[in-house]
Amino acid sequence: MRMHAIRAQAQDMSAKRERETQARHQRREETTMDEMPGPALKSRALRAMRADSLPIFAWPFFGLIVACTCWVYLFQVLDAERTQFERRAYETATRIAVNQAAQLSRDLTMIDQILVLIGSHWQAVGGKPEQKTLDEVVGPDKAILNISVFSPRYEMLFTNSPSAWGEEELKTAGSLPFFAEQTKSGVDAMFIGAPRKLPGQDEYFVRFSRKILDASGNLAGVVVVALDSDSLMAPYDGGILGQHGFVASYGIDGASRAFRAEHAGRQPPVIPLSLRFALDTSAGNIYVSGKDFGDSVNRFISWARVDGFPIVVIAAADQTEAQAAMNERRLLSIQIAAGANLVLAAFVIIATTMSVRFHRERRQLELSQAAYRKATEGGTEGFFICQPVHGEGKVIVDYCIVDCNERGAAMLGSSRQSVIGQRLLGIQGGLAAQPAKELLDKAFRQGAAEEDFQIEPDSRSEPQHLRMGVVRSEEVLAITVRDVTLEKSHMADLERRGNEDTLTGLPNRGWIRRQLPAMLERADKAGQKLAVLFVDLDGFKLVNDTFGHGAGDEVLQHVGKRLKVAVRPNDHVIRLGGDEFVVVLELLAHESEAEHVADRILHAFQAPFTTSKGTASVGTSIGISVYPCDAKDMETLYQHADIAMYEAKTSGKNRYHLFNSAFYDAMRARTRREKELRAAIANNEFVMHYQARVDCRTSKVTSLEALVRWNHPLEGVLAPDEFIGLAEETGLILNLGELVIDLVCAQIARWSGGVYASVPVSINVSSRQFNERDIRESIGDALARHGISASSVEIELTESSMVVDPRRTADNLQAIHALGVRLLVDDFGTGYSSLSMLHNMAFDLLKVDKSFTSRLGKDENGDVFFQAIITMAHSLGMRVVAEGVETATQVRILQALGCDELQGFHLFRPVPADELPHSLEVAA
Ligand SMILES: Nc1nc2c(ncn2[C@@H]2O[C@H](COP(=O)(O)OP(=O)(O)OP(=O)(O)O)[C@@H](O)[C@H]2O)c(=O)[nH]1
């Protein structure tokens, strides 16, 4: 019992081990199968090979099938034709054989009757036939060659032509068939012999014999007639049976009787065995090969039994000729078929080549498609291949997605499997199908197209903006789709920023430039006006300077808000930049409405602006230009508003001005003059005039004031008041000032050694020139350049030059003075400088303005005033020059007041250098 249990357990374990081993084995096999790519690869390669070989073999196979079918059909047709030809040949031969047989029957019957008649005649005349009777029997056509009668012991009893018998023949006549057959047979019938010819003769003849019986029916002799063999067969149409055709008659014993061939040189052929047997029937057809005939001519044979005689007539048609036409046609058909075969072969070759090429291209396309798809799978671009779907009249009605990558499918909110095969117009949600189709249509027409699409908000696809690029390749479209949501939002942000002023949040210059044309168009359409208000702040720089840039910014922001409040709801407020704003008023019935708005804006600026740094008051100057009265286009409208604003500025600020064409003309004239002035400086169109100053007591010339004149090419010599103001405003005074210094120094240098060598020349330096240029350096350079001494030059400065920065002015003056150059205060009394201020400056002379001189002698205060100036100037160590001295009275008063020097028309007028007096002594 225990042993049994142990054995069972051992068996169980071994079975388990075996199962485990098998399982392991199987697993290994499976693993090996998986790991080994061989079979899978092989089957894939086989599939690829099969796919590749299909286009190579399909067309040849097709060609072969077509060729075989055509050949089979052709041969069937040709065979049918041959059968028909054969049938016709047999019919013809049969007709001839039947006709010949009928004719032969008649002839043989007649010959038989002749034999009977001759036998009867023989008996009747007792073996002595009459020639006349025989002639009647033979008939006129002489077809019967010979009539002979033999005795029962085959002795020739009679013959009408001894030459028709050979000697040898006569000896053996008893054994010859014509005799032997008659004696053998108990039947009284005509014997028909085989064709024979006598030695030395060409003609064949046939002998016919019949018994001559006596009254008791015993053989009394044999009557023989011989006929030309040919005459037994009637003539026939040689063309029908052909070159090798013939007609012949044979006995049913198979021996030939007569033969006729319409073509010369034909011998009766030996009748083949096959035909001999066939002749047992009364009529029939048979094909006999040339081999059987022994003359290599195949023939169609037809035969017919001769009625009443053991004779058969055969008509043999030459097969080659009977089928000549057919063979010709057959050959032609075969040639045509062979030609067609060649064409088919060429077609197959071309089709195969094209098919292989097309297949290869398609395969390459598929491979590159797959490769591109795989490559784009990891990227961000969606990729699709679409094929057009044509409707009626080849019109593209839709596109079918034939391939795409997963990313592309995801963009449509679907998977690749479900997207492939879908029609574009059938795609729900996401991409707007109709516009996308229009883009594809465009790409199909033009070769390529690109467009951005906004995705419907409730779409399943995540991007909001897609960029679709479509390229046509043959008959398919390759489409790349890119998510440009981020790019679009950046663009939108940029556009917003591009249109917005960051400080005030108002639309900016770019915005109005882009929008204004459309606004003008709207105004045109509505037949209304449009006003551009150019708003420039007054005194804003001061805010910056006083409170700082930050506070300035705050003011600008407040300004933006106040402007928005001041204008109508539909008006536009734009910040151009700096402290410049533009207000555009659309759809105005009258320009007075623009004035009302301008008034409101001015009013809005009345209250000061509160900033973090303090309260600032800022006004505004507004220029108004109205479309279409003031300008017809955007640029001019702007320009005119700007000019109007400029007029508001120049006429006192804090006001508005409508565009005024007169002001505009003045500005244009000013601009033109500025241009001329610039050119004049470059071309040195200036000349210096000199006005002498004289000593009040000695009346001697003490100095010359250099006064610039513009030698205008068209207008002649222009005085300084016609261009110095403009030169000051435009900054051209800086260059002009330099030029003047140079001209004067050059003139001084020219005077060297002359009467004026000891007289200094004073040069006017403008406020701007003094404050913006280093005059000390300019003068120092000019002195050095022309090699003249500092004492020969004086500088005249107006009071306004000193008010900007008195301390710096004092330093500069000191530096110039240190050169040895004397300094003069020009037009004293017109500015705001005080003598105490001048005290700190290194001035040597004080030129009292001509307005003070003109009052001298006229009112008491005038003299007192002048006296006070002289006294104070002297106390500060300065000499005094009275300007604008025009009368002798003034000279006397000034001498009495103790003035130092005089200058004026009463003494000297400004003149060019060469017109100056030749002596320094002046008669007072
Ligand atoms: N705070 C601030 N200042 C600016 C800004 N842009 C330009 N500015 C300043 O604004 C000033 C404008 O100059 P102007 O128009 O000549 O100053 P203004 O004092 O108003 O002169 P008028 O127009 O002749 O009255 C300049 O000082 C600029 O530096 C800006 O964004 N913020």
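Preceding this paragraph is the structure being described.
These numbers come from a predicted model, not from an experiment. (Residues numbered from 1 in each chain as written. Predicted model: local features only at pLDDT ≥ 70, side-chain atom pairs only at ≥ 80, totals over all residues. Heavy atoms only, no water.)

With respect to the overall build of the protein
Next up, step 1: When helices and strands are counted, the protein shows 30 helices and 32 strands.
Next up, step 2: With 924 residues in all, the protein has 43% of them scored as buried.
Next up, step 3: For the protein, the computed accessible surface area is about 48300 Å², with 55% contributed by carbon and sulfur atoms. (Helix = DSSP H or I, 4+ residues; strand = E, 2+ residues; numbered from the N terminus. Buried < 20%, exposed > 50% of the residue type's maximum accessible area, 1.4 Å probe, protein only. Areas by Shrake-Rupley, 256 points an atom, 1.4 Å probe, with all protein chains shown as cover.)

Here's the deal with the layout of surface pockets
Next up, step 1: A volume near 960 Å³ is recorded for the largest pocket.
Next up, step 2: Lining the largest pocket are 36 residues, with E705, L707, N764, D826 and D827 sitting closest to its centre.
Next up, step 3: Of all the secondary-structure elements, those providing two or more residues to the lining of the largest pocket are β23 (686-695), β24 (701-712), α21 (724-730), α22 (732-751), β26 (761-765), α23 (767-772), β27 (793-798) and β28 (822-828).
Next up, step 4: The dominant element in the lining of the largest pocket, judged by the number of residues it contributes, is β24, at five residues.
Next up, step 5: Here the lining of the largest pocket is built from residues that sort into 13 nonpolar, eleven polar and twelve charged.
Next up, step 6: For the lining of the second largest pocket, the secondary-structure elements that each account for two or more residues are α10 (324-377) and β11 (382-390).
Next up, step 7: Ranked by residue count, the leading element in the lining of the second largest pocket is α10, at six residues. (1 Å grid on protein atoms, 1.4 Å probe; cavity = no way out; pocket = protein on both sides within 12 Å on 5 of 7 lines; lining within 4 Å. Points joined across faces, edges and corners; volume = space filled by probe spheres on them. Nonpolar A, V, L, I, M, F, W, Y, C, P; charged D, E, K, R; others polar.)

Structural notes on the packing of helix α15 (residues 509-526) against helix α19 (residues 634-650)
When two helices pack together, you describe them by how their axes are tilted relative to each other and by the distance separating the axes.
Next up, step 1: Relative to each other, α15 and α19 sit at 110°, their axes nearing to 10 Å. Considered as vectors, α15 and α19 are oriented roughly perpendicular to each other. Across the interface between the two elements, I512, R513, L516, P517 and L520 of α15 pack against M634, E635, L637 and Y638 of α19.
Next up, step 2: Looking at side-chain class alone, the contact of α15 with α19 contains seven nonpolar, no polar and two charged residues. (Axes fitted to C-alpha atoms, helices over the stretch in contact; angles between N-to-C directions. Parallel < 35°, antiparallel > 145°, perpendicular 65-115°, else oblique. Contact = heavy atoms within 4.5 Å.)

Side note on the environment of G174
Next up, step 1: Mapped onto the fold, G174 is located in the loop between α4 (167-171) and α5 (177-184).
Next up, step 2: Expressed as a C-alpha distance, the spacing of G174 and S151, which sit 23 residues apart in the sequence, is 9.9 Å.
Next up, step 3: Setting aside anything within four residues of it in sequence, one finds G174 in contact with Y154, F179 and A180.

Some thoughts on the state of the cysteines
Note on terminology: disulfide describes a covalent bond linking the sulfur atoms of two cysteines.
Next up, step 1: Scanning all chains against the criterion turns up zero disulfides.
Next up, step 2: In this structure C68 is not part of a disulfide, and its nearest cysteine sulfur, from C70, lies 9.3 Å away.
Next up, step 3: Take C68: its relative accessible area is 42%, and that puts it in the partly exposed class. (Disulfide = S-S within 2.5 Å.)

Comments concerning the site of the ligand
Next up, step 1: Taken together, 16 residues lie near the ligand, and K541, N544, D553, K649 and K653 sit nearest.
Next up, step 2: Taking L537, its main chain carries an N or O atom lying 2.9 Å from an oxygen atom of the ligand.
Next up, step 3: Backbone polar atom of G539 to an oxygen atom of the ligand: 3.0 Å apart, as the coordinates give it.
Next up, step 4: Across the complex, the protein chains shield 67% of the 650 Å² of accessible surface that the ligand would expose by itself.
Next up, step 5: Elements supplying a minimum of two residues to the shell around the ligand: β16 (529-538), α16 (540-547) and α17 (549-566). (Near = heavy atom within 4 Å. Polar contact = N/O pair within 3.5 Å; in protein donor to acceptor, adjacent residues only side chain to side chain.)

Examining α15
Next up, step 1: A rise of 1.5 Å per residue sets the reference length of α15, with its 18 residues, at 26 Å; its end C-alpha atoms lie 25 Å apart and thus fit the reference within 8%.
Next up, step 2: If you look at α15, its biggest bend is around 35°, right at Q515, and the proline P517 turns up within four residues after that.
Next up, step 3: What α15 keeps buried is the set W511, I512, L516, M519, L520 and A523.
Next up, step 4: Elements in contact with the buried residues of α15: α14 (485-499), β16, β17 (572-577), β18 (580-588), β21 (619-627) and α19.
Next up, step 5: The distance from a side-chain oxygen at the start of α15 to the backbone nitrogen of G510 is 3.2 Å, and the residue carrying that oxygen is N508.
Next up, step 6: Following α15 by one or two positions, G527 has its phi on the positive side, about 65°. (Expected span 1.5 Å × (residues − 1). Bend = angle between axes of the 7 residues up to and from the residue.)

As for the pairing of β18
Next up, step 1: β18 sits mainly inside the fold: seven of its nine residues count as buried.
Next up, step 2: Across seven bridges, β16 lies against β18 in antiparallel orientation. Residue pairing for β18: A531 is matched across the bridge by L585.
Next up, step 3: Where β17 lies against β18, five bridges are found, and the strand directions are antiparallel. The partner of R575 across the bridge, within β18, is F581.
Next up, step 4: The turn joining β17 and β18, which pair antiparallel and follow one another in sequence, is formed by two residues; a positive phi near 55° is taken by G578. (Pairing = 2+ DSSP bridges.)

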